[in-house]
Amino acid sequence: MAPPSPALRFRLLLDAEHALGPGKADLLEAIAATGSIAAAGRSMGMSYKRAWQLADELNRSFAEPLIAANKGGEHGGGAALTATGETVVRAYRDIERKAKRACAAELRALSRLLAD
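A few points on the structure. Just so you know, these numbers come straight off a predicted model, no measurement behind them.

The rules behind each value
- Each chain has its residues counted from 1, running along the sequence as written.
- Local features in this predicted model are restricted to residues whose pLDDT is 70 or higher, and side-chain atom pairs enter the listing and the counts only when it is 80 or higher, whereas totals over whole chains, interfaces and linings include all residues.
- Calculated side-chain values reflect all of the structure's heavy atoms, with hydrogen atoms and water omitted.
- Segments assigned H or I by DSSP are reported as helices when at least four residues long, segments assigned E as strands when at least two residues long, and all are numbered from the N terminus.
- This radius of gyration counts C-alpha atoms alone. The globule rule is 2.2 Å times how many residues there are, raised to the power 0.38.
- Relative accessibility thresholds used throughout: buried, under 20% of the residue-type maximum; exposed, over 50%; partly exposed, between the two (1.4 Å probe, protein chains only).
- Residue exposure ignores everything except the shown protein chains as possible cover, and the areas themselves are Shrake-Rupley values with a 1.4 Å probe.
- Positive charges come from Lys and Arg alone, negative charges from Asp and Glu alone, with His and the N- and C-terminal ends not counted.
- Charge positions are represented by NZ for Lys, CZ for Arg, CG for Asp and CD for Glu.
- Any pair of Phe, Tyr and Trp rings, taking the six-membered ring for Trp, is counted once the centres come within 6.5 Å. Such a pair is stacked with planes under 30 degrees apart, edge-to-face with planes over 60 apart, and tilted for the rest.
- Axis angles are defined between N-to-C directions and span 0 to 180 degrees, where every axis is a line fitted to C-alpha atoms and, for a helix, only to the segment in contact.
- Angle categories: roughly parallel below 35 degrees, roughly antiparallel above 145, roughly perpendicular from 65 to 115, and oblique for all the rest.
- Residues count as neighbours in contact if any of their non-hydrogen atoms are within 4.5 Å of one another.
- Charged residues are taken to be Asp, Glu, Lys and Arg, nonpolar residues to be Ala, Val, Leu, Ile, Met, Phe, Trp, Tyr, Cys and Pro, and polar residues to be all remaining types, Gly included.

### What to know about the overall build of the chain
- Broken down by element type, the chain carries five helices and four strands.
- Moving toward the C terminus, one meets the helices and strands of the chain in the order β-β-α-α-α-β-β-α-α.
- Taking 2.2 N^0.38 as the reference for a compact globule, 116 residues should give roughly 13 Å; the C-alpha atoms of the chain span a radius of gyration of 17 Å, well beyond that estimate.
- Dimensions along the principal axes, computed over C-alpha positions, put the chain at roughly 60 × 35 × 20 Å.
- Looking at the 116 residues of the chain, the share that counts as buried comes to 31%.
- Of the roughly 7900 Å² of accessible surface on the chain, a fraction of 55% belongs to carbon and sulfur atoms.
- When the 16 basic and 13 acidic side-chain charges of the chain are each reduced to a single mean position, those positions are 4 Å apart.

Quick look at the structure:
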């Protein structure tokens, strides 16, 4: 198996107290896909508690919540991204794609310099 090529992983420092990185972006996408914070966390190998902590942190980091959660009950709970949540994920992934394209030549050059 060939060693992995150099890759970029972004952690956007939004301000002194707030950051958005690949884990939080993945969690948002998993919530959108599963309709549940708990299920999203499970799909990522994350504990229930950690998934809820990150969801709460995400909601408190922005002027509007990114995740709308419904309490459990007879028909179960659920969660979905708000319009702001969808915008944040889209912006993060767009920045990620643009940076990877912009740095592609340098990443290839670094890859050629790696030991076998």
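### What about the packing of aromatic side chains?
- Applying the stated rule across the entire model yields one aromatic pair.
- Both rings, one in Tyr48 and one in Trp52, keep their centres 6.2 Å apart while their planes meet at 50°; by these two values the pair is tilted. Residue Tyr48 and its partner Trp52 are located together in helix H3 (residues 48-61), separated by four residues, close to a single helical turn.
- The exposure class assigned to Tyr48 is exposed, which follows from its relative accessible area of 57%.

### So, the packing of helix H1 (residues 22-34) against H3
- Two elements in contact, H1 and H3, have axes whose closest approach is 11 Å; the angle formed by their N-to-C orientations is 100°. Taken together, the axis directions place H1 and H3 in an arrangement best described as roughly perpendicular. Here Lys24, Leu27 and Leu28 of H1 lie close against H3, whose contacting residues are Ala51, Leu54, Ala55, Glu57 and Leu58.
- Among the residues making up the contact of H1 with H3, the classes are represented as six nonpolar, no polar and two charged.

### Topic: the environment of Ala104
- Counting through the fold element by element, Ala104 comes out in helix H5 (residues 104-113).
- With a relative accessible area of 26%, Ala104 lands in the partly exposed category.
- Sequence separation of Ala104 and Ala7 is 97 residues, and the distance between their C-alpha atoms is 9.2 Å.

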